[in-house]
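Below, each chain spelled out in residue letters.
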Number of protein chains: 2
Amino acid sequence: MSANDFDSVDRDKGVDHFESADRFELRPVGRVSSPLTDRTGAPRQPDEDAPPATIRLDPEFATAAADLRPGMRVVLLTWLHAARRDTLAVHPRGDRARPATGVFATRSPDRPNPIGLHEVTITAVGDAGFDVAGLEAIDGTPIVDIKPVLGAIETR
Amino acid sequence: MSANDFDSVDRDKGVDHFESADRFELRPVGRVSSPLTDRTGAPRQPDEDAPPATIRLDPEFATAAADLRPGMRVVLLTWLHAARRDTLAVHPRGDRARPATGVFATRSPDRPNPIGLHEVTITAVGDAGFDVAGLEAIDGTPIVDIKPVLGAIETR
């Protein structure tokens, strides 16, 4: 696709798609309980020695969680409450020798809507939540959604 | 792990982790422009014949998007604005012959915080946004975040 082919984007710039009235309210459905207690001590990604954690769910959402089972792979969506929302570019992994990179091309927690994605395996399920292996989120992090990792089409 | 081992969850039930003051505000950073215009016509998952789409970004976030490139695999996070937030269980794929399943074990758009995850390949980048292949979100869907699909640790 050439630059000219992208006119479809520029042509509609005048359309008021970004009116300030557009705000969406998230509410936590649970919280992370973890030995990780501060952000600087948190591993950067789940395969870098993150500890097991417990997800404690608000009882109001018990029905939504009723079919979670040990062994399932799920994506936890978290609200990274310690993040900065006004950061648009970062030095990857805090290394100032590397060029600043727009946050949408990074996994920086600092970003306009600081939602974290964490793919984990459920190891145990209880009445008030479940345990997962290898979660890098710090203690108290709000959980906003839980989704199964997709398998083959016929099993969805 | 036995049921008794899960006492760590139940023991702390009295802690006020779910106070109503906890609300997080999302704001769109862009919108989907797509030939898909209604929810019933949308494919259920991206590998089921979803069409190409254009992501139009709010100019305010141009710096955050500056390092997106054709060929990159990214996860688009959308706000599924047509979804019902009070739905806690669904019949998978609308088939009432299948048992109702808690939404956290499904990819139903109807869920307490209706955030969609869409893994796509960027096919072209322009001043006001970018094109992607195979996106199942309907026209006008708000984009709330864009994250690179993780590669090997050393390239992060």
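Notes on the structure follow. (Residues numbered from 1 in each chain as written. Chains lettered and ligands numbered in written order. Predicted model: local features only at pLDDT ≥ 70, side-chain atom pairs only at ≥ 80, totals over all residues. Heavy atoms only, no water.)

Here we take up the sheet that holds strand S7 (residues 115-126) of chain A. Residues and elements named next belong to chain A. Within the closed barrel, the six strands sit side by side as S2-S3-S8-S7-S4-S9. Their pairing is antiparallel. Averaged over all pairs of adjacent strands, the angle between their axes in this sheet comes to 45°, without regard to strand direction. In terms of strand pairing, strand S2 (residues 30-33) meets strand S3 (residues 53-57) through four bridges, oriented antiparallel. Residue Ser33 lies in a different strand from S3, and its bridge partner there is Thr54. (Pairing = 2+ DSSP bridges. Helix = DSSP H or I, 4+ residues; strand = E, 2+ residues; numbered from the N terminus. Axes fitted to C-alpha atoms, helices over the stretch in contact; angles between N-to-C directions.)

On to the relation of the copies chain B and chain A. The transform that puts chain B on chain A rotates by 180° and translates by 0.0 Å along the axis, for an RMSD of 0.0 Å. Expressed as a symmetry operation, the mapping of one chain copy onto the other fits a two-fold axis. Taking the C-alpha atom as reference, chain B places B:Glu25 closest to the rotation axis, 2.4 Å from it. (Least-squares fit on C-alpha atoms with pLDDT ≥ 70 in both.)

Each partner contributes to the interface: chain B provides 76 residues, whereas chain A provides 75 residues. Each partner contributes to the roughly 7,000 Å² buried at the junction of chain B and chain A, and carbon and sulfur atoms together form 62% of this total. Across the contact surface, chain B and chain A share six salt bridges. For B:Arg111, the salt bridge is made with A:Asp145, and the minimal N-O distance between the two is 2.9 Å. Residues that form the side of chain B that touches chain A fall into these classes: 38 nonpolar, 13 polar and 25 charged. (Contact = heavy atoms within 4.5 Å. Buried area = accessible area lost by both parts, 1.4 Å probe. Salt bridge = Lys/Arg side-chain N within 4 Å of Asp/Glu carboxyl O. Nonpolar A, V, L, I, M, F, W, Y, C, P; charged D, E, K, R; others polar.)

Residue and element names in this part refer to chain B. The six strands lie next to each other as S2-S3-S8-S7-S4-S9, forming a closed barrel whose pairing is antiparallel. With direction set aside, neighbouring strand axes in the sheet form an average angle of 45°. Across five bridges, strand S4 (residues 73-79) lies against strand S9 (residues 142-148) in antiparallel orientation. Looking at S9, one finds that Leu77 is bridged to Asp145.

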